[in-house]
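Listed here are the chains, written in short residue letters.
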Amino acid sequence: MRPLATPARPPSAIPASLRAGALAAIGTWVVVVLPALVGWVAAPESSVGWFSAVSVGSGIWFLGHGQSIGAGGVAVSLTPLLLFAVNVYIAYRWARRLAVTQRAAVGAAAWSDTALRGVVPGFLGGYLLMAGVFALLTLGGVAAPGFAAVPGALLVPAVALGFVLLRPDDEESPAFVRTLFRRGPTWLPAVWRVGWLGAGLLLAIGAGAVVLRLVLTFPAVASIQSDYGVNVGGAVIVGLAQLALLGNAVTWALGFVAGPGFSLALGSTVSPAAAAPGLLPFVPVLGAVPEAADYPTLLYAVLLLPVAAGVLIGWGVDRELEFFGNLRARVSATVVAGLIAVVAVVAVTALGNGAVGVDRLRSVGVPLLPLLGALAAEVLLGALAFVGVAIVRERLAGRQSAAVATGDPEQDEPVGVRAQTGETDKTEGAGAAVATVAAVEAVDAADAADAADAAGAVDAADAAGSTESTPQTPKDSNAPVVS
């Protein structure tokens, strides 16, 4: 008797995942090292070799992964958020490609186990391996990360894998992800997506404020840039460095719009109440920062922008889900969507806060706790206001529909029409009373011989009138009506 054949095990995803993680790390490293080499070539008066440019670029690579570096005894922990976003995007592209190929290779049945035990650890392992190599390249350089920066650099691939795998309403996502979300309320997958869209909306508000401010203050920014007196290569490097900080400016603008404001140095603040920026570094993009001034109370109207974002979040939840009159679930889903958006934005803001030196530049960014409280209050106010208005409109529409269905004229006729109808009814009633009196007088004047016949005729007429004035409901509602 032949032994039963055991099913073939799917190939291991670890080798491909390690390779994908390593290539993703190299791709993000090239983004910063290549401009550093260009800057070294564009500065012929420099006395350092090309390896120093590679070392500086490798240090900036860790800074763009949310880690701090030390440069000449000065700690720099301000993460360039736009550079961080570029790194996440590159890692996301590699992780997405890896997930698609591995799911096709192992099939839908084994994809969940492969993702959990092969794709995730392999991708992180490959990235961690290259992070260790890049840390070695910073040895002896002017910008070196700490020991904890190597495992800390896994923040970028972890976020990228989250964007790829944490899709609870996607049938191609691993089964363990869908199972995890199904342990919560049934509305959680849709609310998860709406919440992240709300976070993007809040950041878009901050980006719009930054663009508007740069347009209004462009002459001042260009004047500072021209004072640098660098060649084309140096101007490109300075421009790229400022571009990387525009993501941080988005969080600063959002802090301003939310109310708490932001600080570019110890003791400085810029908020809707007043601006006291203090002495700022000679950086062109900082020419867009408002000068010291007291603002009118009317400027607090900018707080309505996060409220408007909350209204759109509430609308998104209402569009995605049908609650069938479950008010508690509706309110809970709306609140959770708003909180997801707020927490995501505050987390990004916390990543962008940090130090760029000593003394006054030890604290740059937005105060987190005030930002969390203000944004939560504003966003939830807008979202719940939308829900409240929607509930009132639905109940009014339900009452009107019920009135139409029952045929109650008092519910679906305007007040003016009701008044006119009442006057008409009174006139018709008076005419009917006069006609009745005339009929009685006619009966009294009749002959005694014809009294019985007249009485019978009157009784027949009364019976016929009662039948016409009182509508009758047929026993068989399906019976045809004959007119």
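Each remark here, short or long, concerns the structure printed above.
Below or above, wherever it landed, is the structure these notes cover. Keep in mind that what you see is a predicted model, and the values were worked out from it rather than measured.

Reading the values: the criteria
Residues numbered from 1 in each chain as written. Predicted model: local features only at pLDDT ≥ 70, side-chain atom pairs only at ≥ 80, totals over all residues. Heavy atoms only, no water. Helix = DSSP H or I, 4+ residues; strand = E, 2+ residues; numbered from the N terminus. Areas by Shrake-Rupley, 256 points an atom, 1.4 Å probe, with all protein chains shown as cover. Salt bridge = Lys/Arg side-chain N within 4 Å of Asp/Glu carboxyl O. Buried < 20%, exposed > 50% of the residue type's maximum accessible area, 1.4 Å probe, protein only. Arc of directions from axis to C-beta. Contact = heavy atoms within 4.5 Å.

1. Description of the overall build of the protein chain
Line of reasoning, step 1. Looking only at helices and strands, one finds 17 helices and six strands in the protein chain.
Line of reasoning, step 2. A total accessible area of about 27100 Å² is found for the protein chain, and carbon and sulfur atoms account for 67% of it.

2. Here we look at the pattern of salt bridges
Line of reasoning, step 1. Inspection of every chain in the model, using the stated rule, returns six salt bridges.
Line of reasoning, step 2. A salt bridge links E320 to R193; the nearest nitrogen and oxygen atoms lie 2.7 Å apart. Separated by 127 residues along the polypeptide, E320 in helix α12 (residues 304-320) and R193 in helix α8 (residues 188-216) bring together distant segments of the chain.
Line of reasoning, step 3. Classification of E320 as partly exposed rests on a relative accessible area of 32%.
Line of reasoning, step 4. By relative accessible area, which is 30% here, R193 ends up partly exposed.
Line of reasoning, step 5. Three or more residues are tied together by salt bridges with common partners; here these are D169, R193, R319 and E320.

3. Points about helix α7 (residues 175-182)
Line of reasoning, step 1. For α7, the full list of buried residues reads V177, R178 and F181. The buried residues of α7 occupy an angular sector of 95° when the element is viewed end-on, so they sit on one face. Those residues of α7 that are exposed and angled more than 90 degrees off the buried face are L180 and R182.
Line of reasoning, step 2. In this structure, the buried residues of α7 make contact with α6 (155-165) and α8.

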